[in-house]
Structure formats: C-alpha cells, structure tokens
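Observations on the three-dimensional arrangement
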Amino acid sequence: MPTEAELRREYGVSRHTIRQAFQDLVAEGLVYRVPGRGTFVTDLSRRGRYLRSIGTLEELMAWTGTEIEVLHAPATRMDAKAAGRLGLPSDEVSVLDVRRLYEGVPFVVTRIYLAIEVGDRLKDEALPLLEGSETVLGTLERLVLPFPIAGVSQDITAAFAPPELSTLIDCQPGEPILYVERIYFDTANNPVELAISHYNPRRYSYHLELRRKLP
C-alpha cells in the first residue's frame, strides 16, 4: 500500500488521521504492517470471509453487506429451556430459522426464539418486509416491539457442527464451528429474543472493539 506520507499528500489529511485509519484496518484484519517494509493487504476478502467489527449494540444488530434467507417462518413449539430464558409463563415459544449469506455464500444459520404473540405479529406483519441486510430483531423493533432494544447478553464458544445444520453452512458434520447465544433485552429489561447461531469459521471472523470510559 502507499506510505503514510503519500496518503497524506493525496488526501490532504493529518498524520494522526492516516495512522488511525491504518490502525483500524490492522484491527479488522484487512492489512498488516512490516516495520521497515510497509503495509500490505491481507487476503481476507479474497477468501470470502465476512469480517464483522463490533463496538456498539447497533453494530451487533446490523449485518451490512449480507443477505438474509428465511428457512422456516415462525412456528409454535414446546421448549421449556428457551421459554424459561425468555421469562415466558408457559413452555410455548415461537421459533424461526434464518440464514445469512455473504457474496451469495452462506456462513451462519440462526434459530430465533420469541414470545408467541411477537412471533405471530412478525409472521403476519413484518416478515414480508424482512430482506437484504435487515435483521429479524431490527424489523421487530421497527414494526412490532413496544420498547426499543437496550442491551444484549452474549455467550460464545466452540462446538461441533450438528448434522442437521452442517450442510446449511457448508460444514462437515462434527466439524468445529463457532457457537453463539444471544439474549436481547428492551428498555424495560424484558427478554425479547433468544438467538442461537452456528457459524462456519472459515467464512466468518468476529472482531470486538472495547472502549474505556475515561474521566
């Protein structure tokens, strides 16, 4: 890549701006720097991997540059564990399955659990409007939920690809994958959505940026 001095002259920006831009690119895995030699582009994008850099809840709820595919519309099921995590009065939950694609290639399948009334409204009113980089949660917040989303609890671990899901993200059954559970809460502290995702790690990279609050 061009040097910092070359970029400063070309774009008329400060040294600090150029260095910050390079630091962000390095953090996202898009470039790497070799002292005394320069900055080089990685092959991350050429490998077809979707890189997701997250620093806010809004970024976590966004899937810029991807497409959504609804595999199964919301349906009522009995699931005591999911219902308990959502704080529901019965074991009935509304369940739907979606898949994300980057450049036409699937990289994650997610099972979403909702309260029955929320799932019914999603199916009747909001599901037809779900397309492109939109998310189920973003659609619910915009059209259905009485309160906005305020927080999320997230657990990330490694797991083996379940046989029934492996083909959906082009993995072999039993292959190590990334397993993520998220529970989203609204401003009234009510659990709104439980999302359980299985990612193909060859096609997805998760970057988390934490910022310290200074006095």
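I will try to describe carefully the structure that is included in this document. Counting restarts for each chain: residues are numbered from 1 in the order of the written sequence. Only residues with pLDDT of at least 70 get local features here, since the model is predicted, and only at 80 or more are side-chain atom pairs given and counted; chain-wide, interface and lining totals rely on the full set of residues. Working from all heavy atoms in the structure, the side-chain values ignore hydrogens and water.

On to the pattern of salt bridges, then. What makes a salt bridge here is a side-chain nitrogen of Lys or Arg within 4 Å of a carboxyl oxygen of Asp or Glu, nothing more. By the definition in use, this model includes 8 salt bridges. Note that arginine 85 is salt-bridged to glutamate 181, the shortest N-O span being 2.3 Å. Of this pair, arginine 85 sits in helix α4 (residues 80-85) while glutamate 181 is found in strand β8 (residues 176-186), placing the two residues 96 residues apart along the sequence. Runs of H or I in DSSP of at least four residues are treated as helices and runs of E of at least two as strands, each being numbered from the N terminus.

Structurally, the position occupied by histidine 198 is in strand β9 (residues 191-199). Here, two residues are considered to be in contact whenever any of their heavy atoms come within 4.5 Å of each other. For histidine 198, the contacting residues outside a window of four places in its chain are Phe107, Val108, Val109, Pro162, Leu165, Ile169, Ile177, Leu178 and Tyr179.

Attention now moves to the pairing of strand β5 (residues 92-102). The buried label goes to any residue with under 20% of its type's maximum accessible area, the exposed label to any with over 50%, and the partly exposed label to all in between, with areas taken from a 1.4 Å probe on protein chains only. Within β5, 10 of the 11 residues are buried, leaving the element largely enclosed by the surrounding structure. DSSP bridges decide pairing: two strands pair if at least two such bridges lie between them. For strand β4 (residues 66-78) and β5, the ladder comprises 10 bridges, and the chain directions are antiparallel. Each bridged residue has a counterpart across the sheet, and for isoleucine 68 the counterpart in β5 is arginine 100. Where β5 meets strand β6 (residues 105-114), 9 bridges bridge the pair, whose relative direction is antiparallel. By the bridge assignment for β6, leucine 101 is matched with proline 106. Between the antiparallel neighbours β5 and β6 lie 2 residues, among them glutamate 103 with a positive phi of about 55 degrees.

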